[in-house]
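Report on the structure
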Amino acid sequence: MKLKKKMILIVSIATAVSMIVGGFVLMLILRRSMLRDAYSEAAVSAVEFYSGFERRLDREEKDREDREEASLSLIYKTMDNWRNVIYREGREVYNITVFDRAELERAAFPDDDPDMNKDDREELAYEDGSYIVNKRTIGDYELYRLYDITDVHGRIRTYGLIYLLTACTMFLLVVAVTAFSLRKVLRPLDVLTDATNDMARGEYSRRVEVPTKDELGSLAEHFNAMAEAVEQKQNELRDSEARKTLMMGNLSHELKTPMTAIAGYAETLLTTKLSEEQRQEALYYIYSETNRLGRLSNKMMRLLSISEGDVVEKRDVPVEELFRGIQETVSVKKKEHSVELITEYDRDMIHTDEDLIRDVIINLVDNAIKASKPEDVVRVIWKDGVLAVRDQGIGIPAEELKAVTEPFYMVDKSRSRKEGGAGLGLSLTKLILEKLGASMEIRSEEGKGTEVEIRSLR
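Presented here is a report on the structure given in the accompanying data block. These figures come from a predicted structure and were not determined experimentally.

1. Focus on the pairing of strand β5 (residues 129-138)
Taken across its ten residues, β5 has eight buried, putting it largely inside the fold. Strand direction decides the pairing type here: strand β4 (residues 124-126) and β5, joined by three bridges, are antiparallel. Across the sheet, L124 pairs through a bridge with Y131, a residue of β5. The pairing of β5 with strand β6 (residues 141-148) spans eight bridges and is antiparallel. The partner of Y131 across the bridge, within β6, is D148. Between β5 and the antiparallel strand that follows it, β6, lie two residues; G139 among them carries a positive phi value of about 65°.

Printed below as a string of structure tokens:
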């Protein structure tokens, strides 16, 4: 069962129960109130009867000492007072009703008994209705006064029928208004359902518009935020997959060239008689290409390990010690290219992962040395919370800047291969900096050099 139908059913049941219970209580109160009014009117009527009887009884006692009961009966007959009943010492004096003394006594309410509950009275039923009976004893006479309450019960039934018709009308109106209101209120849920179905079919760009400021509006905002995150993650996965595909293609291409060369030189060594110089040249080429494949493999493993979530362990690293280690690492490379490396810093500590930041600086310095001319100077500067690597080398064309951090991308492929590069240095650097929560900005001009700034380090 749909939510809308469930809510309509719940509201209908609650309304019906409320109306039934409320109507029952209301009719009980109305019935008691109307009966109390009838009992009061009956009491007034009975008092008039009792007073009149006492006055006549007094007059007859003065006029004639030995009055006869027949004369009293005659008096009340001539008054057409058929609702009055008189008994004396158990004998009927006057009674023209259809009820005998036993029935009257069972329903009688003694006016002079303070212990009687006025709201708990038995009624005398007859063919067309019912009576209530008031009773008083005067001397040796028992007086009964009948009061017809048939019209009271008739009015109670009429009011009950009116309430029933009104309640039914109100019930139908409540159900109709509830259905209409729920259709409008739950409309955003239908929109959200359609949107989730679209997302299940792969339409991650779907968004919902719910103008309300209630919980459903908040739900729609959270849904849109979730959809945005899902779409972003999907795009990231798609881009990552594309990059991996491209990287694997480039890797295959990068592996093909040295493997082909290694296989060719190995075959030459096995099948061709070479001079010692040619043999040494072939072996050196095989050795250098094997080393390049090893470096390529190590960088690929480093990329994969960082991509899969290497733990970043930040601590305070002494800058002097860090820069001294980098000087030692690139010392051979500096000597080969006749390049000078100068380090400058205005702070003694840098809070970061030592191994990762060391990889970053070495990659950047290695690229700077490769791009430099003999006698050029490469500077590594740590100042005002910004780490910079500057060189005076050949620079990078403006149109190439955006692509230099892509895996296997090389501005000068012939120079990079000659230097043993594979185009992974800046890709690795970018990935490491993302792990460290830092950003990298590259500024370069052809013929004047390149500067790489790293920010958000502490």
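2. Points about the nonpolar core
Counting residues in each nonpolar core, the largest one holds 35 residues, and the members touching the most others are F323, I361 and L387. Broken down by element, this core gets its largest block of residues, nine residues, from helix α10 (residues 354-371).

3. A look at the pairing of strand β12 (residues 439-445)
Of the pairings in the sheet, the one linking β12 to strand β13 (residues 449-455) comprises seven bridges and is antiparallel in character. The residue bridging S444 from the neighbouring strand is T450, located in β13. With antiparallel pairing between neighbouring strands as the criterion, β12 and β13 make up a hairpin whose turn holds three residues, including G447 at a positive phi of roughly 85°.

4. Overview of helix α5 (residues 187-200)
Over its 14 residues, α5 runs 20 Å from end to end, which matches the ideal 20 Å to within 8%, given 1.5 Å per residue. Once α5 finishes, G202 follows within two positions and takes phi at roughly 100°, a positive value.

5. Remarks on a positive patch on the surface
On the surface, a cluster of positive charge is contributed by K2, K4, K5, R183 and R187. Note on placement: K4 falls in helix α1 (residues 3-63).

6. Details of the sheet that holds strand β11 (residues 386-390)
Pairing is mixed in the open sheet, where five strands are placed in the order β8-β10-β11-β13-β12. Bordering the open sheet on either side are β8 (340-345) and β12, each of which pairs with just one other strand. In this sheet, neighbouring strand axes are inclined to one another by 10° on average, regardless of whether the strands run parallel or antiparallel. Taken together, the six bridges between β8 and strand β10 (residues 377-383) define a ladder with parallel strand orientation. Across the sheet, T343 pairs through a bridge with V380, a residue of β10. Helix-sheet contacts for helix α8 (residues 319-329) involve β8, β10 and β11, and the interaxial angle to β8 is about 170°. Relative to β11, α10 is tilted by about 25°, and along the sheet it contacts β8, β10, β11 and β13.

7. As for the side chain of N95
Position of N95 among the secondary structure elements: in the loop between β2 (91-94) and α3 (101-107). In this structure the side chain of N95 is engaged in a polar contact, spanning 3.3 Å, whose partner is the side chain of Y87. Polar contacts involving the side chain of N95 include one to the side chain of T97, which spans 2.6 Å. The contacts of N95, once residues within four sequence positions are left out, are V85, Y87 and L104.

Cut-off values and rules
- Residues numbered from 1 in each chain as written.
- Predicted model: local features only at pLDDT ≥ 70, side-chain atom pairs only at ≥ 80, totals over all residues.
- Heavy atoms only, no water.
- Buried < 20%, exposed > 50% of the residue type's maximum accessible area, 1.4 Å probe, protein only.
- Helix = DSSP H or I, 4+ residues; strand = E, 2+ residues; numbered from the N terminus.
- Pairing = 2+ DSSP bridges.
- Core = buried A, V, L, I, M, F, W, Y, C linked by side-chain atoms within 4.5 Å.
- Expected span 1.5 Å × (residues − 1).
- Patch = residues over 30% accessible without salt bridge, like charges linked within 9 Å, V, L, I, M, F, W, Y side chains within 5 Å.
- Areas by Shrake-Rupley, 256 points an atom, 1.4 Å probe, with all protein chains shown as cover.
- Salt bridge = Lys/Arg side-chain N within 4 Å of Asp/Glu carboxyl O.
- Lys, Arg positive; Asp, Glu negative; His and termini not counted.
- Charge placed at Lys NZ, Arg CZ, Asp CG, Glu CD.
- Axes fitted to C-alpha atoms, helices over the stretch in contact; angles between N-to-C directions.
- Contact = heavy atoms within 4.5 Å.
- Polar contact = N/O pair within 3.5 Å; in protein donor to acceptor, adjacent residues only side chain to side chain.

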